[in-house]
Amino acid sequence: MTVGLVVQKFGGSSLRDADRVMEAARKAIRAKHGGNQVIVVVSAQGSTTDDLIAKAAQITAAPSAREMDMLLATGEQISIALTALAIQELGEKAVSLTGPQVGIVTDSTHRKARIKSIDTRRLVEALDGGSIVVLAGFQGVDELGDISTLGRGGSDTTAVAVAAAMKLAGYDVTCEIYTDVDGVYTTDPRIVPDARKMDAISYDEMLEMASMGAGVMHSRSIEFAKKFDVPLMVRNSLSDAVGTWIVPEAEWMGEFPVCGCALAVDEARLVLEGVPDRPGVSHRVFAALAGANIAVDMIAQSVGSGGRASIGFTVLNSELERTKKTLGPLVAELGATLNETGKVSKVSVVGAGMRTLSGVAEKLFQALAADGVNMRMITTGDIKISVLIEEDAPAEEPAAEGGEPVKKAHLESRKAVRGRKALRAVHAAFGLAAPRKGAGVPAEAGGTGFKVRPSPLVVPATKDREAAIARLEGMEDVLVSGVQLNADQSRVTIHDLPDKPGNCSRVFNAVATGGILVDMIVQNLTGPGRAELSFTVPRADLTRALKRTQDVVQQIDPTCRVVGDSDVAVLFVLGVGMRTHTGVARTMFGALAARGINIGMINTSEVCVGVVVERPRGEEALACLREAFKLA
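Cut-offs used in this document
- Residues numbered from 1 in each chain as written.
- Predicted model: local features only at pLDDT ≥ 70, side-chain atom pairs only at ≥ 80, totals over all residues.
- Heavy atoms only, no water.
- Pairing = 2+ DSSP bridges.
- Helix = DSSP H or I, 4+ residues; strand = E, 2+ residues; numbered from the N terminus.
- Axes fitted to C-alpha atoms, helices over the stretch in contact; angles between N-to-C directions.
- Contact = heavy atoms within 4.5 Å.
- Buried < 20%, exposed > 50% of the residue type's maximum accessible area, 1.4 Å probe, protein only.

**Some points on the sheet that holds strand β17 (residues 337-340)**
Then, in step 1: Across the sheet, four strands lie side by side as β15-β16-β14-β17; this open sheet has antiparallel pairing. Lying at the two open borders of the sheet, with one neighbouring strand each, are β15 (299-301) and β17. Taking the axes of each pair of neighbouring strands and ignoring which way they run, one obtains an average angle of 15 degrees across the sheet.
Then, in step 2: Sheet analysis places strand β14 (residues 267-276) next to β17, joined by four bridges and oriented antiparallel. By the bridge assignment, Val 271 is partnered in β17 with Asn 339.
Then, in step 3: Packing of helix α9 (residues 281-291) onto the sheet brings it into contact with β14, β15 and β16 (308-316), and relative to β16 it is tilted by some 20 degrees.

**So, the sheet that holds strand β10 (residues 200-202)**
Then, in step 1: Taken together, the eight strands give an open sheet; going across it, the order is β3-β6-β2-β1-β9-β11-β12-β10, and neighbouring strands pair in mixed fashion. Edge strands, defined here as strands with exactly one partner in the open sheet, are β3 (94-97) and β10. Taken pair by pair, the neighbouring strands of this sheet meet at an average axis angle of 20 degrees, ignoring direction.
Then, in step 2: Pairing geometry for strand β2 (residues 37-42) and strand β6 (residues 132-136), over four bridges, is parallel. In the strand pairing of β6, Val 41 is matched with Leu 135.
Then, in step 3: Against the sheet, helix α3 (residues 65-89) touches β2, β3 and β6, its axis set at about 165 degrees to β6.

**Concerning the pairing of strand β28 (residues 608-614)**
As a general feature of sheets, a regular strand has side chains that alternate between the two faces.
Then, in step 1: The element β28 is extensively covered by neighbouring structure, given that six of its seven residues are classed as buried.
Then, in step 2: In terms of strand pairing, strand β26 (residues 568-576) meets β28 through seven bridges, oriented antiparallel. Bridging from a neighbouring strand, Val 573 pairs with Val 609 of β28.
Then, in step 3: Where strand β27 (residues 601-604) meets β28, four bridges bridge the pair, whose relative direction is antiparallel. Bridge pairing in β28 places Thr 604 opposite Val 609.

Given below as structure tokens:
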């Protein structure tokens, strides 16, 4: 018989004092009295982790990663003991366990280890004995027996990973993530007051929202949930109200092109200019970064001219100096230059409906243009569009927080004045404050005002995902489930487009009014005040798209060049954690480089990496990528 199991996770703010710990204990007991077995995963209390980091800083400015793991893991040990004591005080059996005691085995990358396996035997033994298990989040043990920590969002990751392991052991599992908000909102309610709480969101949508700046959950935990089909609920630790379910994609989710938008302020933009436009160069760049375990977010590679191209990309601010140091020798060898732009913020829209509905890019760019927001970089993914915005205004004044400590991420977001302005404009443009199916009052299907695509550019396959999971050696290994080829695309490129608000909106409005569907979009700055904008359209529509683009660009600046190319194909590598696992781009670009296949455009997201190649070599590229990722 399948046993009901609830895995509850409580974050630091939900355990910051004795009253909060007792409330968490009561929730665990209520879940047990509801007929479930219960595992409670806890973070360190309040600011404990920050306090421990500060203590280390008093000793050394360059602490050993291994010793920091030994130090930081103590925070969760305090929490598990106190929570177990609270449950016992309320009359229920409880046992506290650390990650190493349970057998959460990780790799040896201290401070940001990845989970390889979880031994469920001790958990099962404690549950069968009638205890509520209180488990330390954020920590594990490597194969040498050293304590490791999982990095940012580590307790979320522990909770969902344990839920996945218990599901594989035969339990009927649900996972509840308790936090200081009521659920997942259409955007950050601290920035947009009329943001609406969603009743449900798909794994893919939540993955993109998390990686694009939504702070309610970390993307690694969502990766686990999607891989192992663990239903999640994000809910408020101070109430019993129903929160937001994070679940497999339902058919109705495709009725809405955008479910939410997010702001990220912790990224830096770098541009490699004057890169040789030949096969293998992209591979060398991103292989070097992957070798240093530096995750790249937005990638925009220009089509280039005169044998030279430019590659723009973003990394976390904390990785900026290491990125420049890592690429320094290669940049010199290639005869290129590596330039860092000023402070930037990133605004993204996310929605499962983008696979089947068009018009999202036009509406996004129109909203930003109307608000006078200029875009420095554009990339698209399977279900998201991201734009990079340059910040050059003073930070907003802090608002009263009712005595609650202000998280560092919220303080940082106040510095992104243009990004916050853009986020509000985009949220309003897509009507995200209004009730809809999955966010408040049930709505009827249809009537969104967006045109249905004849066929989606990317179609994820469930059977491919299941087969890929069976091949995984470690629980947190990257999941690549398939490679797809679309040989019916063409590309339009605008060279030297003036970098001014509204120009992109004018281009895409002109194309859209002709009933032409745009798929991949990449914009990259190529010089002072100039940008290169490339986008793909169905090959059958190239002539009309080219004519409409030429007409509108002639009005913007007659010196711009507009070029059409019908001889392209688009390859997509599908999976989970495509951006956070640095080896995906390295494997993909390396396989193509080994065959001498040049990459014309690149787009990345958490669920899909897309590249444009020459159409005559499309089938060859498809075969080599399937071989590289060991797909049948």
